[in-house]
Amino acid sequence: MKIGFIGSGYVGLVSGVMLASLGHKITCIDNDLSKVIKLSNGEVPFYEPGLDVCLKDAINKENIVFSSDYALLGDCKAVFICVGTPSKSNGEADLSAVEQAIINVAGIVKKDCLIIIKSTVPPGTNNLMINRLKDNGITINLASNPEFLREGAAINDFSNPDRIVFGSNSISDLEILREIYNKFIKEKVSIVETDPTTAEMIKYASNSFLAVKIAFINEMANLCEKIGSDVKQLSLGMGLDPRIGALFLNPGPGFGGSCFPKDTDALANIAEKYKCPISILNAAIISNKDRYEFLFNRIIETTSGVSNKKIAILGASFKANTDDIRSSPSIEIIKKLVDSKADVHVYDPKALDNLMKLGLTITTHNNIESCVHSSEAIIILTEWDEFSNINWKAISELVKRKNLIDYRNIADEKEVLLAGFNYSCIGKK
Ligand code: UGA
């Protein structure tokens, strides 16, 4: 099928490339001409494992093209809207880019083309857009198809979906969605066919539930530290109950990234608007924000103050296998350390370019050894494999003081203690 994508950011690019890999003919439109040129040459503008190979393959097979010209969408049977929905200062999602993209597409495509919103939008957006455009004399077929891809694991998530959600008001629209995802329907992947508002709600509720789960285990970790129990064993013991599930029960520095913080704020905001506040979600949001202070204070206690002391930070991205530093807990901690006049040194395998764009007063390193050299404390903030495999004996000979704070619980405790470190992790006394 000939399919268009508006927006070649994370969601649009991954989905477009992966639908191209299924044999669809994809046209990706993006306003940023330099991005269009890069993508046309097979260069992915961010780090996502495996995406570059899939992109080059799709280009070679002539299944994908990139352009800034909406006119190329003329004969598309479906067009996905994948533009940003940033938070406004009150937490509400800003829908102006979505609306503009729909208007642009509606002016080009044929009457039977289906416009599909993939951007994360507040429940009710689909209907709101149909009505707004109708008021301006524009009739469109609009559906919703939220995405559930995780950064760093997007290729696998796309290829092996837990479920696919179609939000549509008409059988003919549904048929188009079914044709696009036909491969997965044949493989008997669970498909949820519902109305657009419920589809939009599924996306927000899923991300919010996972965020609540993380906030819950983080608070359990705090309690474990006081009581003297071990949160790793607690997660294991809880997660074996299939009603709870083992995933997303890892305590850490708090949830970050471009989705959970934004989507939880947006859902909380919608709920307030409907005078139906979700107190459990509000608590998770507050708990997550408070976490940075809690983690920062532990660094201060461990080092007896950080002013003019070299603190080595391992990890800047909001989680492993991505160069994304948006709402990264690591960045929050780094900023607090800088404000407290610490001499902050950072190493990350992929995120340093993005980190440097923030213009913080820090020193970056391209290897662990130079980052930790002569440091007063090492703080692990991202769970990169490289940090799980550190030889702590060798590292202990480089540092000034053997303080290790492991906010991802990934270091081998026995090895670290044997190397003489004062070791502090999460959820264990
Ligand atoms: C999340 C969802 O998992 C995807 O399903 C969704 O499609 C995506 O948002 C989106 O809305 O676009 P992502 O933001 O890539 O994906 O990251 P996650 O892997 O979900 O992690 C989010 C945060 O939770 C990270 O900061 C991570 O470190 C943290 N986390 C995750 C924990 O602290 N503990 C865990 O056990 C799991």
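How each quantity is defined
Residues numbered from 1 in each chain as written. Predicted model: local features only at pLDDT ≥ 70, side-chain atom pairs only at ≥ 80, totals over all residues. Heavy atoms only, no water. Near = heavy atom within 4 Å. Polar contact = N/O pair within 3.5 Å; in protein donor to acceptor, adjacent residues only side chain to side chain. Areas by Shrake-Rupley, 256 points an atom, 1.4 Å probe, with all protein chains shown as cover. Helix = DSSP H or I, 4+ residues; strand = E, 2+ residues; numbered from the N terminus. Nonpolar A, V, L, I, M, F, W, Y, C, P; charged D, E, K, R; others polar. Axes fitted to C-alpha atoms, helices over the stretch in contact; angles between N-to-C directions. Parallel < 35°, antiparallel > 145°, perpendicular 65-115°, else oblique. Left-handed = near helix turned anticlockwise from the far one by under 90°. Contact = heavy atoms within 4.5 Å. Buried < 20%, exposed > 50% of the residue type's maximum accessible area, 1.4 Å probe, protein only. Arc of directions from axis to C-beta. Phe/Tyr/Trp six-rings, centres within 6.5 Å; stacked < 30°, edge-to-face > 60°. Lys NZ or Arg CZ within 6 Å of the ring centre and 35° of its normal. Expected span 1.5 Å × (residues − 1).

### Here we look at the site of the ligand
Taken together, 20 residues are adjacent to the ligand, and Glu147, Glu151, Lys203, Asn207 and Asn250 come closest. Backbone polar atom of Glu151 to an oxygen atom of the ligand: 2.7 Å apart, as the coordinates give it. At 2.8 Å from a nitrogen atom of the ligand is found a main-chain nitrogen or oxygen belonging to Asn250. Protein chains shield 92% of the accessible area of the ligand, which is 720 Å² for the free molecule. Of all elements in the fold, only α9 (196-227) and α11 (260-273) reach the threshold of two or more residues within the shell around the ligand. Per-class residue counts for the shell around the ligand are nine nonpolar, four polar and seven charged.

### Some words on the packing of helix α4 (residues 96-106) against helix α5 (residues 125-135)
Closest axis-to-axis distance for the α4/α5 pair is 11 Å, and the angle between their directions is 55°. Taken together, the axes of α4 and α5 lie oblique to each other. The interaxial crossing formed by α4 with α5 has right-handed handedness. On α5, the residues touching Glu99, Ile102 and Ile103 of α4 are Met129, Arg132 and Leu133. For the contact of α4 with α5, the residue count by class is four nonpolar, no polar and two charged.

### Quick notes on the side chain of Asp324
Of note, Asp324 is situated in the loop between β9 (310-314) and α13 (329-339). Separated by 2.8 Å, the side chains of Asp324 and Arg326 make a polar contact. Ignoring anything within four residues of it in the chain, the contact list for Asp324 reads Glu151, Ser258, Ser317, Phe318 and Asn354.

### Observations concerning α5
Within the sequence span of α5, burial applies to Thr125, Asn126, Met129, Ile130 and Leu133. With its buried residues spanning 140° around the axis, α5 presents them on a single face. Projecting away from the buried face of α5 at angles above 90 degrees are the exposed residues Lys134 and Asp135. Its buried side turned inward, α5 meets α4, β5 (114-117), β6 (141-144) and α9. Gly137 lies just past α5 and shows a positive phi near 80°.

### Some points on unusual backbone geometry
Despite not being glycine, Lys275 has its phi angle at roughly 55°, a positive value. Note that Lys275 resides in the loop between α11 and α12 (279-303). Among the residues examined, Lys275 registers a relative accessible area of 73% and is labelled exposed. If you check the backbone angles, Ser327 has positive phi at about 45° while not being a glycine. Residue classification places Ser327 among the partly exposed residues on the basis of a relative accessible area of 36%.

### Things to note about the packing of aromatic side chains
Pairs of aromatic rings are described using the distance from one ring centre to the other and the angle between the two planes. Under the criterion given, the structure shown has nine aromatic pairs. For the pair Tyr181 and Phe184, a centre-to-centre distance of 6.4 Å together with 40° between the ring planes defines the contact as tilted. With respect to class, Tyr181 is no different from Phe184; both count as buried. Among the aromatic residues, those joined into a cluster by ring pairs are Phe158, Phe166, Tyr181 and Phe184. The ring of Phe148 has Arg163 lying over it, and the distance from NZ or CZ to the ring centre is 3.7 Å. The lysine or arginine in question, Lys350, covers the ring of Tyr47, its NZ or CZ lying 4.6 Å from the ring centre.

### Thoughts on the environment of Asp353
With respect to the helices and strands, the residue Asp353 is situated in helix α14 (residues 352-356). Along the primary structure Asp353 and Asp323 are separated by 30 residues, whereas in three dimensions their C-alpha atoms are 8.4 Å apart.

### Focus: α11
For α11, with 14 residues, the first-to-last C-alpha span of 20 Å sits near the 20 Å given by 1.5 Å per residue. Regarding α11, the residues found buried are Phe260, Pro261, Asp263, Thr264, Ala266, Leu267, Ala268, Asn269, Ile270 and Ala271. Buried residues in α11 make contact with α9 and α12.

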